[in-house]
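Residue strings, one per chain:
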Amino acid sequence: MRNKRGAKDVKRAELQSYLNNFLAIDRVKDYCPNGLQVEGRDSIQKIITGVTACQALIEHAVAEDADAILVHHGYFWKGEPAEILGMKKRRLQLLLRNDINLFAYHLPLDVHPRLGNNAQLARLMDWPDPSPLTTVEPEGVVMYAELSHDESAVSLAEQLEQRLGRPLFCAEHNDQAIRRIAWCTGGGQGFIDAAAQAGCDAFITGEVSEQTIHSAREQGIAFYAAGHHATERYGIQALGEHLAEQFGFAHRFIDIDSPA
Ligand SMILES: [Zn+2]
């Protein structure tokens, strides 16, 4: 069926089951619900994607009269207060008042072999044949690749800055030669030891902790924190483009910039 915008009319339930199945949400244990988090209108023609379901993203969706928002970071994280107060109230109120659906996919989007954040970062960086580091769960949350030639740690830093379009958050290395690289988009700094143990020469993630630097120095692994937001812009965008193709949706990715 076609509607007045000329787009296909897709029912929310159809999109929901397509996404849940496509991203295999039952296969991954997570800290938040994956899938439809806030129910809005029944039929969907226009979607907005973004990294985080912040107030500014919802405002964009309202201004563009979108039917659904798809994000990587949604709501209802394990351990957060259950009360709907303040910031949380304002976000939910804006969604509900405008009858906009909110879909959120966290770990299932990180690990998706083609459209996931890790897969899309490899694509952006031209890292060949990414494989999951099997010592880490869930599978695909840390990936690695062998470069075809030795890369200097400095030139890897430059490539990251150039392709991500922003300065690195932090880099710790001795300009050593890099051949095997591992990565985990977002807050994956805790995996640096697994990457070192797997014989990787470099580890790239979004964030850094104090102890990460000591891990890098003492195990001789080059470390790069390229930004949580910056490294996680690509999965949700690829998912939105895929849905636009699959269902004929109008789609727009809105980048609400964050230095973190
Ligand atoms: Zn994240």
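Anything mentioned here points back to the structure above.
Just so you know, these numbers come straight off a predicted model, no measurement behind them. Throughout, residues of each chain are indexed from 1 in the direction in which the sequence is written. Local features in a predicted model are, by the rule used here, given only for residues with pLDDT of at least 70; side-chain atom pairs are given and counted only at 80 or more, and totals for whole chains, interfaces and linings are based on all residues. Processing note: side-chain calculations cover all non-hydrogen atoms of the structure and skip hydrogens and water entirely.

Enquirer: Would you mind showing me how to read the side chain of Asn101 here?
Expert: Under the DSSP-based scheme used, a helix requires at least four consecutive residues in state H or I and a strand at least two consecutive residues in state E, with every element numbered from the N terminus. Turning to its location among the elements, Asn101 is positioned in strand S6 (residues 101-104). Note on classification: 1.4 Å probe, protein chains only; a residue is buried when its accessible area is under 20% of the maximum for its type, exposed when over 50%, partly exposed between these limits. The buried category is assigned to Asn101, whose relative accessible area is 0%. The definition of a polar contact used here is a pair of N or O atoms within 3.5 Å, where within protein one atom must be able to donate a hydrogen and the other to accept one, and adjacent residues in sequence count solely through side-chain atom pairs. A polar contact is formed between the side chain of Asn101 and the backbone oxygen of Arg41, at a distance of 2.9 Å. When sequence neighbours within four positions are dropped, the list of residues in contact with Asn101 reads Arg12, Leu36, Val38, Glu39, Gly40, Arg41, Ile44, Asp67, Ala68 and Ile69. We call two residues in contact whenever any of their non-hydrogen atoms come within 4.5 Å of each other.

Enquirer: Would you mind going over the coordination of the zinc ion with me for this structure?
Expert: When a metal carries six donors in an octahedron, the ideal angles between them are 90 or 180 degrees, while four donors in a tetrahedron ideally lie at 109.5 degrees. Note that water is not among the atoms considered, so a metal site may appear incomplete; the donors listed are N, O and S atoms within 2.8 Å of the metal, with 3.2 Å applied to Na, K and Ca. The protein atoms that coordinate the zinc ion are His73 (NE2), His228 (NE2) and Glu232 (OE), at distances of 2.0 to 2.2 Å. Mapped onto the polypeptide sequence, the residues donating to the zinc ion form the spacing pattern H-x154-H-x3-E. The pair His228 / Glu232 is uniform in exposure class, with both members buried.

Enquirer: Before we go on, may I ask you to explain helix H8 (residues 210-219) in this structure?
Expert: Note that an α-helix has 3.6 residues per turn; residues three or four places apart therefore point the same way. Considered for burial, the residues of H8 that qualify are Thr212, Ile213, Ser215 and Ala216. Considered in projection along H8, the buried side chains sweep an arc of 160° and stay on one side of the axis. Exposed side chains of H8 directed beyond 90 degrees from the buried face belong to Glu210, Gln211, Arg217 and Glu218. As for H8, its buried residues are in contact with strand S9 (170-172), helix H7 (192-197) and strand S12 (222-225). Immediately downstream of H8, the backbone of Gly220 shows phi near 65°, a positive value. Arc, as used here, means the arc of the directions from the helix axis to the C-beta atoms.

Enquirer: Just to check I follow, could you spell out the packing of aromatic side chains for this structure?
Expert: Side-chain rings of Phe, Tyr and Trp (the six-membered ring for Trp) are treated as a pair once their centres are within 6.5 Å; stacked means planes under 30 degrees apart, edge-to-face means over 60, and tilted covers the remaining angles. Applying the stated criterion across every chain, the model contains six aromatic pairs. With a centroid separation of 4.8 Å and an interplanar angle of 45°, the aromatic rings of Trp127 and Trp183 are classed as tilted. Highlighted residues: Trp127 in the loop between helix H5 (117-125) and strand S7 (131-132) and Trp183 in strand S10 (residues 177-184), separated in sequence by 56 residues. Here Trp127 falls in the buried class, since its relative accessible area comes to 5%. An aromatic cluster is present here, built from Tyr18, Phe22, Phe247 and Phe249 joined pairwise through their rings.

Enquirer: Quick question: what am I supposed to make of the pattern of salt bridges here?
Expert: It is possible for side chains of opposite charge to pair when their charged atoms get near one another. Salt bridges are defined as contacts in which a side-chain nitrogen from Lys or Arg sits within 4 Å of a carboxyl oxygen from Asp or Glu. Applying the stated criterion across every chain, the model contains 14 salt bridges. Among the salt bridges present, the one from Glu64 reaches Lys46, with a minimum N-O distance of 4.0 Å. With Glu64 in the loop between helix H2 (55-63) and strand S5 (68-73) and Lys46 in strand S4 (residues 46-52), the pair connects residues that are 18 residues apart, well separated along the chain. Of the residues examined, Glu64 reaches a relative accessible area of 17% and is grouped as buried. A network of salt bridges, in which partner residues are shared, links Lys11, Arg12, Glu39 and Asp42.

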